[in-house]
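# Summary of structural features
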Amino acid sequence: EEAIAFCERALDAAREDDANRRAALELNYSGALDDSGRVEEALAAADRVIAAVPEHIDAHYNRAQGLLSSGRLAEGWQEYAWRLQRPQANARYELFPAPRWRGEDTTGKHVLVWTEQGVCDEILLASMLPDLIARARKVTVLCSFRLIDIFRRSFPSARIEERREPLPKAAIDPRSEEHTSELQ
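Here's a quick rundown of the structure. (Residues numbered from 1 in each chain as written. Predicted model: local features only at pLDDT ≥ 70, side-chain atom pairs only at ≥ 80, totals over all residues. Heavy atoms only, no water.)

## Observations regarding the pattern of salt bridges
A full pass over the atoms with the stated rule returns ten salt bridges. In this structure, the salt-bridge partner of Glu40 is Arg72, at a minimum N-O distance of 3.5 Å. Placement of the pair is Glu40 in helix α3 (residues 39-52) and Arg72 in the loop between α4 (57-69) and α5 (73-80), with a sequence separation of 32 residues. Residue classification places Arg72 among the partly exposed positions, given a relative accessible area of 29%. Across the pair Arg86 and Asp58 runs a salt bridge, and its minimum N-O distance is 2.8 Å. Here Arg86, found in the loop between α5 and β1 (110-114), pairs with Asp58, found in helix α4; they are 28 residues apart in sequence, far enough to count as distant. You can call Arg86 buried: its relative accessible area is 18%. With relative accessibility at 26%, the residue Asp58 sits in the partly exposed group. Each of the salt bridges in this network shares a partner with another, and the network as a whole consists of Glu1, Arg38 and Glu41. (Salt bridge = Lys/Arg side-chain N within 4 Å of Asp/Glu carboxyl O. Helix = DSSP H or I, 4+ residues; strand = E, 2+ residues; numbered from the N terminus. Buried < 20%, exposed > 50% of the residue type's maximum accessible area, 1.4 Å probe, protein only.)

Put into structure tokens, the structure is as follows:
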């Protein structure tokens, strides 16, 4: 509550004509509200930032977090795509030779899976790999170096490589007909 009060005082003192400053303050306010469980108010603050600065990446990211945590999954996942534009994003899809997966059938295709979150999320993702491996012609998984050995033992028919830049040859092999990426 102290952080929220501080943000409110800062917003009250901020000049209306300084859009970038107000956007930064509203973004902090949105985060403080969300941390306090006041999700609807946090979403409203993020929306004010987006109204002022439509391409504000972190405002969209904050909005996605609030939508997802409140169970508004369709909206949340759509907004969550903004995370890939954040400087700290762990996925650089512009490096991949083919488009991202958009839900199309993977039967008979070479599928590239790039894990982008932390190790716990990578382990959660692994629960989906058997279904993908059963459908696709070939699956290449790029993951944290800490999981390579266990993933190789768990998924012997998939190619498991370290997630790094530059991309390993398995991710950009021009002899592969098609690569798709990002399973959520």
